[in-house]
Amino acid sequence: MNAIIAIIIFSLFNIVYKPTFTIAMFLTIGVIIYDMKKYGIGYCFDRIKINNNLKKIILWFYMCIIMASLLSGHLQGIKISLNYLYWTLPFWMIVYVGRERSVWKGVYWGLAISCFWLCGWGLLEHFQNPTVRIKGFFGSANAYAIMLELILPFSVMMFFRMQEKLWKCLYVLIFLLIGYSLYFTQSRGAIGGVSIAFFLLLILGVKFFRKEPISKGIVAGVISLFLIIFFAGINSRLLVKEKYDNERMLLAKSTYSMWVDHKILGVGLGNWERFYKEKYISSEARERDLNIAHNAPLQILSETGIIGGIGFWGMNLGLFLFLLKQFLKNKENILICAMLWALLAFNIHGFVDAGFLFKYGNKLFWGLLGITYLSLENGYNISEKG
């Protein structure tokens, strides 16, 4: 099962060979068939039963966007909303295969191999041409940065999770590779998102843990995490006004106007580009061939209206409160802290980029949530060796 979990995790990163995820699905189906024959179909259904509150949170957004699409009669919107639901599959695959099974070595190796694979492509590109923003195999520096910002918190927390020196050294190297790659994407949204999310977690830490003794590990963690802030501080692009910055403001205004005209149901999932080019593009805009609003919350609001907007923010707020509550109950489980960090960074970056709309970032997000949920279900002893 360790090998299957590792393959599932790797499939979320390896878009060079896209059938990797299909292979992971077939392996999962194989496990289900084996369990069904050995234990019965009821056993299989029990393995995907999750915390009732979390289930409602996950399904809330999808129910809202499907409802908005049905009420508006947009068949394309219904299909796209089902695609969004499909992107949650990594969560269910990881939970099913890993539940009540010892799969943490598969998680450690899966994350490690995936990070080397992800960073390796970016570093190769950087060394070939140090003057360009690295894009990895995603064709976009910002898309590559989304993957890095999601996995970075887990690389840090895995370092503190590990007890064996070899694993610690491995995850220190991974953290440095991710930090280096993230810096050279020159993505202000990703670097800013990771940094702001870190500061927000620090504020929460002061609020909830000010009366508790601070361990050496936490002190070391703060010092390590401040390296990320250093990356942001020395990144001159954070202080530079780009030629397209005003374009983002024009995009936001156009998208807001689109929502104002279609408040309840929106223009339909997948219709933002058509409506933008036909009616809402600003006369001042120079980038006239865009297919996303570079603001995920606004685009979801314009495409699915108030119904979809409530679904989106309800899901994100629900996930945040669920994770925070679990962390307060399981303070030794630092993977929950990693997931909180990733959730905040993902959403903050989404205000200036694709965010939740980016297929591969979306799938990776749910996969990481699956790993986090496993740590709650299976128990997560901080002293357990890798």
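Right, let's walk through the structure included here. Worth saying up front: this structure is predicted, and the values here are computed from it rather than measured. (Residues numbered from 1 in each chain as written. Predicted model: local features only at pLDDT ≥ 70, side-chain atom pairs only at ≥ 80, totals over all residues. Heavy atoms only, no water.)

### Side note on unusual backbone geometry
- Phi is positive for Gln186, close to 55°, though the residue is something other than glycine.
- You can see Gln186 is positioned in the loop between helix H9 (165–185) and helix H10 (188–209).
- In this structure, His294 takes a positive phi of about 55° despite not being glycine.
- Looking at where His294 falls in the secondary structure, it is placed in the loop between helix H13 (272–280) and helix H14 (296–329).
- His294 gets classed as buried once you look at its relative accessible area, which sits at 14%. (Helix = DSSP H or I, 4+ residues; strand = E, 2+ residues; numbered from the N terminus. Buried < 20%, exposed > 50% of the residue type's maximum accessible area, 1.4 Å probe, protein only.)

### Regarding the packing of aromatic side chains
- For the coordinates displayed, the defined rule picks out 36 aromatic pairs.
- Taking 6.2 Å as the distance between ring centres and 80° as the angle between the ring planes, the aromatic pair formed by Phe61 and Tyr84 counts as edge-to-face. Taken together, the positions of Phe61 in helix H4 (residues 52–72) and Tyr84 in helix H5 (residues 75–86) put the pair 23 residues apart, joining distant regions of the chain.
- Here Phe61 falls in the buried class, since its relative accessible area comes to 1%.
- Both rings, one in Phe91 and one in Trp92, keep their centres 5.0 Å apart while their planes meet at 90°; by these two values the pair is edge-to-face.
- Note on Phe91: relative accessible area 1%, which makes it buried.
- Within the aromatic cluster, the residues linked to one another by ring pairs are Phe61, Tyr62, Tyr84, Trp87, Phe312, Trp313, Phe346, Phe351, Phe356, Phe365 and Trp366.
- Above the face of the Tyr96 ring, Arg47 is positioned so that its terminal group lies 5.3 Å from the ring centre. (Phe/Tyr/Trp six-rings, centres within 6.5 Å; stacked < 30°, edge-to-face > 60°. Lys NZ or Arg CZ within 6 Å of the ring centre and 35° of its normal.)

### A word on the packing of helix H7 (residues 104–128) against helix H8 (residues 141–161)
- Running from N to C, H7 and H8 cross one another at 140°; their axes reach a closest spacing of 11 Å. When the axis of H7 is compared with that of H8, the two are oblique. The hand of the H7/H8 crossing is left-handed. Here Val107, Tyr108, Leu111, Cys115, Leu118, Cys119 and Gly122 of H7 lie close against H8, whose contacting residues are Tyr144, Met147, Leu148, Ile151, Met158 and Arg161.
- Residue classes in the contact of H7 with H8 are distributed as eleven nonpolar, one polar and one charged. (Axes fitted to C-alpha atoms, helices over the stretch in contact; angles between N-to-C directions. Parallel < 35°, antiparallel > 145°, perpendicular 65-115°, else oblique. Left-handed = near helix turned anticlockwise from the far one by under 90°. Contact = heavy atoms within 4.5 Å. Nonpolar A, V, L, I, M, F, W, Y, C, P; charged D, E, K, R; others polar.)

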